[in-house]
Amino acid sequence: MQFTCDRCGKVIKGQRYIVKIHIFADFDGTIDVDENIDIDEIIRKTDGIPSSILEEEIHKEFTFSLCQRCKEIFSANPLNKILENMDVPDKIPPTE
Ligand SMILES: [Zn+2]
């Protein structure tokens, strides 16, 4: 079976790595009840919105296949933060 890296698009020739990202709303087990909430208004506002979109507000999962090099790049900066005060080369040599 042949796999393609979801990051660089190349066929994975060595070890394949799976990245699973699980995003979920933080919940401490309690719900603050606001007595001023208008349930009918919430129902009107969400009417017609597919349940899958509403569910994505509280839970979403992603799964990606990565080649070894893309796994290293992803692991080094998974949140794709701006790297300040670092001299990053324009091109990273292949590991092979
Ligand atoms: Zn790759």
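The preceding data block contains the structure.
Residues numbered from 1 in each chain as written. Predicted model: local features only at pLDDT ≥ 70, side-chain atom pairs only at ≥ 80, totals over all residues. Heavy atoms only, no water.

> I would appreciate a short explanation of the coordination of the zinc ion in the present structure.
With distances of 2.3 to 2.4 Å, the protein atoms coordinating the zinc ion are Cys5 (SG), Cys8 (SG), Cys67 (SG) and Cys70 (SG). The site at the zinc ion holds four donor atoms, and with the angles between them running 103 to 117 degrees, its shape is tetrahedral. For the zinc ion, all donor residues lie on one chain, and their spacing in sequence is C-x2-C-x58-C-x2-C. The class for cysteine 8 is partly exposed, based on a relative accessible area of 36%. (Donors = N, O, S within 2.8 Å, 3.2 Å for Na, K, Ca; no water. Tetrahedral: all angles 85-135°; square planar, octahedral: opposite > 155°, others 65-115°. Buried < 20%, exposed > 50% of the residue type's maximum accessible area, 1.4 Å probe, protein only.)

> Please clarify how the nonpolar core should be interpreted in this entry.
If you look at soluble globular proteins, the nonpolar side chains tend to sit buried side by side. Counting residues in hydrophobic clusters, the biggest one holds six residues: Cys5, Ile12, Val19, Leu66, Cys67 and Cys70. Apart from the residues within four sequence positions on either side, cysteine 5 is in contact with Lys10, Ile12, Ser65, Leu66, Cys67 and Cys70. (Core = buried A, V, L, I, M, F, W, Y, C linked by side-chain atoms within 4.5 Å. Contact = heavy atoms within 4.5 Å.)

> Would you take a moment to explain the pattern of salt bridges for this structure?
Side-chain pairs of opposite charge can arise whenever the charged atoms involved come near each other. Scanning all chains against the criterion turns up three salt bridges. For lysine 45, the salt bridge goes to glutamate 41, with nearest N and O atoms at 3.1 Å. Of this pair, lysine 45 and glutamate 41 both sit in helix α1 (residues 39-46), four residues apart, which is roughly one turn of the helix. Since its relative accessible area comes to 60%, lysine 45 is described here as exposed. Under the relative-accessibility criterion, glutamate 41 is labelled partly exposed at 34%. The residue arginine 69 makes a salt bridge to glutamate 72 at a minimum N-O spacing of 2.5 Å. Pair noted here: arginine 69 and glutamate 72 are both in helix α3 (residues 68-76), with a separation of three residues, about one helical turn. Take arginine 69: its relative accessible area is 25%, and that puts it in the partly exposed class. (Salt bridge = Lys/Arg side-chain N within 4 Å of Asp/Glu carboxyl O. Helix = DSSP H or I, 4+ residues; strand = E, 2+ residues; numbered from the N terminus.)

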